[in-house]
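So the chains spell out like this:
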Amino acid sequence: MTKGVNFALLSMLFAGINDVIFKKYAVKNRSRGMYILGVGFTWAMLQILYSSFSKISFSFDILTIQYGVLAGVILAAANISLIEGLTHIDVSLGSTVYRLNTIGVVILSFVFLSESIELYKLTGITFGVISVLLLYKSSNGKTANHTTKIFFWLVVFVSLLRAAYGIVTKIGLLASADKNAIILLAALCWIVGGAFYAKYVEKRFIITKKKALYSLISGVLVFCIVNFLILGLKVAQASVVVPIANMSFIIALLLSVLMGTERMDLKKIVATAFAVGSILLLSSV
């Protein structure tokens, strides 16, 4: 169990760092699409090398391709939108809302997988909502401008997309789709999705050293996030590993405070406690 917890902690650490990198990239007027393209390329290359070294095979049957591409497109859209959202809101708020996608997973599981919602899960959803409201007030004061509100709701939408990715992946695995192929297809979808966004939405398909460096760093981090989580799930229960990994918003908040980009206050401390409680309750089995 200790080994699984250690893997989960590493996934949490790298996810928190990556959220801060996302925010740092987002504060300047740079192509989000090219960034995601580069991250996907780095992740895909590392995934292929790791799979070759570990002798992991891929099965690209029709079912796996269908679920893998759908999940990958959803995940790519979620991360592009997350970076756009972080342009105008604090990383502590964006990261927390994103990691509270467990709320969306519980609701979507109830709708599409006929899973029950017990009292403790309803309590977890309530805790999550309280956490987000506290962080929203802490980040924006008593009033928030129209632009901030728009990007806040964009990140809420991103969290729902991340939840949808989890549900699609779960349905695919239940239908016997290949897990390793789905991961690789997700990385490839980042490449295609990023290229499409840069070319047809932003209309600036330009590679620079700065973008390449950010993409390389985040690509390595994403590879580590995904694979340490998988390693953790192999040796420990999901009810232990997933909640720990989803608490990366704590790392993002602490790093932002240490870097001087955010200030810690009582609302953020209480909000973090509610978010932790929410994830623990929602992940209980």
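Residues numbered from 1 in each chain as written. Predicted model: local features only at pLDDT ≥ 70, side-chain atom pairs only at ≥ 80, totals over all residues. Heavy atoms only, no water.

**Some thoughts on the overall build of the protein chain**
Reasoning step 1: A tally of helices and strands in the protein chain yields twelve helices and zero strands.
Reasoning step 2: Tracing the protein chain from N to C terminus, the helices and strands come up as α-α-α-α-α-α-α-α-α-α-α-α.
Reasoning step 3: Expected size for 285 residues packed as a compact globule is a radius of gyration near 19 Å; at 18 Å, the protein chain falls within 12% of this value.
Reasoning step 4: Projected onto the principal axes, the alpha-carbon positions of the protein chain cover approximately 50 × 45 × 35 Å. (Helix = DSSP H or I, 4+ residues; strand = E, 2+ residues; numbered from the N terminus. Rg over C-alpha atoms; globule rule 2.2 N^0.38 Å.)

**Regarding the packing of aromatic side chains**
The description of an aromatic ring pair rests on the distance of the ring centres and on the angle between the ring planes.
Reasoning step 1: By the definition in use, this model includes twelve aromatic pairs.
Reasoning step 2: Ring centres of phenylalanine 7 and phenylalanine 228 lie 6.0 Å apart, and the angle between their planes is 25°; on these two criteria the pair is classed as stacked. Taken together, the residues span a long stretch of sequence, with phenylalanine 7 in helix α1 (residues 2-26) and phenylalanine 228 in helix α9 (residues 209-235) at a distance of 221 residues.
Reasoning step 3: Under the relative-accessibility criterion, phenylalanine 228 is labelled partly exposed at 21%.
Reasoning step 4: Centroid distance tyrosine 35 to tyrosine 214: 6.3 Å. Interplanar angle 85°. Geometry classified as edge-to-face. Within this pair, whereas tyrosine 35 is found in helix α2 (residues 32-53), its partner tyrosine 214 is found in helix α9, the two being separated by 179 residues in sequence.
Reasoning step 5: Between arginine 30 and the ring centre of tyrosine 25, over which it is positioned, the NZ or CZ distance is 4.9 Å. (Phe/Tyr/Trp six-rings, centres within 6.5 Å; stacked < 30°, edge-to-face > 60°. Buried < 20%, exposed > 50% of the residue type's maximum accessible area, 1.4 Å probe, protein only. Lys NZ or Arg CZ within 6 Å of the ring centre and 35° of its normal.)

**Here's the deal with unusual backbone geometry**
Reasoning step 1: Its identity as a non-glycine residue notwithstanding, lysine 55 has a phi of 60°, on the positive side.
Reasoning step 2: One can find lysine 55 in the loop between α2 and α3 (62-86).
Reasoning step 3: In this structure, serine 176 is a non-glycine residue whose phi angle is positive, near 75°.
Reasoning step 4: You can see serine 176 is positioned in the loop between α7 (146-174) and α8 (179-202).
Reasoning step 5: For serine 176, a relative accessible area of 59% puts it in the exposed group.

**A short note on the side chain of threonine 42**
Reasoning step 1: Assignment of secondary structure puts threonine 42 in helix α2.
Reasoning step 2: On the basis of relative accessible area, threonine 42 is assigned to the buried category, the value being 12%.
Reasoning step 3: Only 2.9 Å separates the side chain of threonine 42 from the backbone oxygen of glycine 38, close enough to count as a polar contact.
Reasoning step 4: Not counting chain neighbours up to four residues away, the residues in contact with threonine 42 comprise Ser215, Leu216, Gly219 and Val220. (Polar contact = N/O pair within 3.5 Å; in protein donor to acceptor, adjacent residues only side chain to side chain. Contact = heavy atoms within 4.5 Å.)

**Here's the deal with the packing of α8 against α9**
Reasoning step 1: Their axes nearest at 12 Å, the elements α8 and α9 cross at an angle of 165°. Overall, the two elements α8 and α9 adopt an arrangement that is roughly antiparallel. α8 and α9 meet at a crossing whose hand is right-handed. In this structure, α8 contributes Lys179, Ile183 and Trp190 to the contact, and α9 contributes Val222, Val226, Ile230 and Lys234.
Reasoning step 2: Considered class by class, the residues forming the contact of α8 with α9 number five nonpolar, no polar and two charged. (Axes fitted to C-alpha atoms, helices over the stretch in contact; angles between N-to-C directions. Parallel < 35°, antiparallel > 145°, perpendicular 65-115°, else oblique. Left-handed = near helix turned anticlockwise from the far one by under 90°. Nonpolar A, V, L, I, M, F, W, Y, C, P; charged D, E, K, R; others polar.)

**Description of the packing of helix α11 (residues 248-259) against helix α12 (residues 266-282)**
Reasoning step 1: Two elements in contact, α11 and α12, have axes separated by 10 Å at closest approach and are oriented at 165°. The pairing of α11 with α12 is recorded here as roughly antiparallel in orientation. For the pair α11 and α12, the sense of crossing is left-handed. Seen from α11, the contacting residues are Phe249, Ile250 and Leu253; seen from α12, they are Lys268, Thr272, Ala275, Val276 and Ile279.

**Details of the nonpolar core**
Most often, soluble globular proteins keep nonpolar side chains buried together rather than apart.
Reasoning step 1: The biggest cluster of nonpolar side chains holds 69 residues, and the ones touching the most others in it are Tyr35, Trp43, Leu75, Leu82, Ile83, Leu93 and Trp190.
Reasoning step 2: Once residues within four sequence positions are removed from consideration, tyrosine 35 is found in contact with Ile21, Phe22, Tyr25, Ile83, Tyr214, Ser215 and Ser218. (Core = buried A, V, L, I, M, F, W, Y, C linked by side-chain atoms within 4.5 Å.)

**What to know about the confidence of the model for the protein chain**
Reasoning step 1: In this model, the protein chain carries an average pLDDT of 88, and 95% of its residues clear a pLDDT of 70 or more.
Reasoning step 2: Looking over the protein chain, one finds the lowest element-wise mean pLDDT in helix α10 (residues 238-245), namely 77, and the highest in α2, namely 96. (pLDDT = per-residue confidence, 0-100.)

**Points about a nonpolar patch on the surface**
Reasoning step 1: Side chains of Leu254, Met264, Leu266, Ile269 and Val270 sit close together on the surface and give an oily, nonpolar patch of about 440 Å² of accessible area.
Reasoning step 2: Relative accessible area serves as the criterion here: at 64%, leucine 266 is assigned to the exposed category. (Patch = residues over 30% accessible without salt bridge, like charges linked within 9 Å, V, L, I, M, F, W, Y side chains within 5 Å. Areas by Shrake-Rupley, 256 points an atom, 1.4 Å probe, with all protein chains shown as cover. Salt bridge = Lys/Arg side-chain N within 4 Å of Asp/Glu carboxyl O.)

**A few points about the side chain of serine 215**
Reasoning step 1: Following the sequence through the fold, serine 215 ends up in helix α9.
Reasoning step 2: A residue is classified by how much of its surface remains accessible, and serine 215, at 4% relative accessible area, is buried.
Reasoning step 3: Here lysine 211 takes part through its backbone oxygen, which lies 2.8 Å from a polar atom of the side chain of serine 215.
Reasoning step 4: Apart from residues lying up to four places away in sequence, serine 215 is in contact with Met34, Tyr35, Gly38, Val39 and Thr42.

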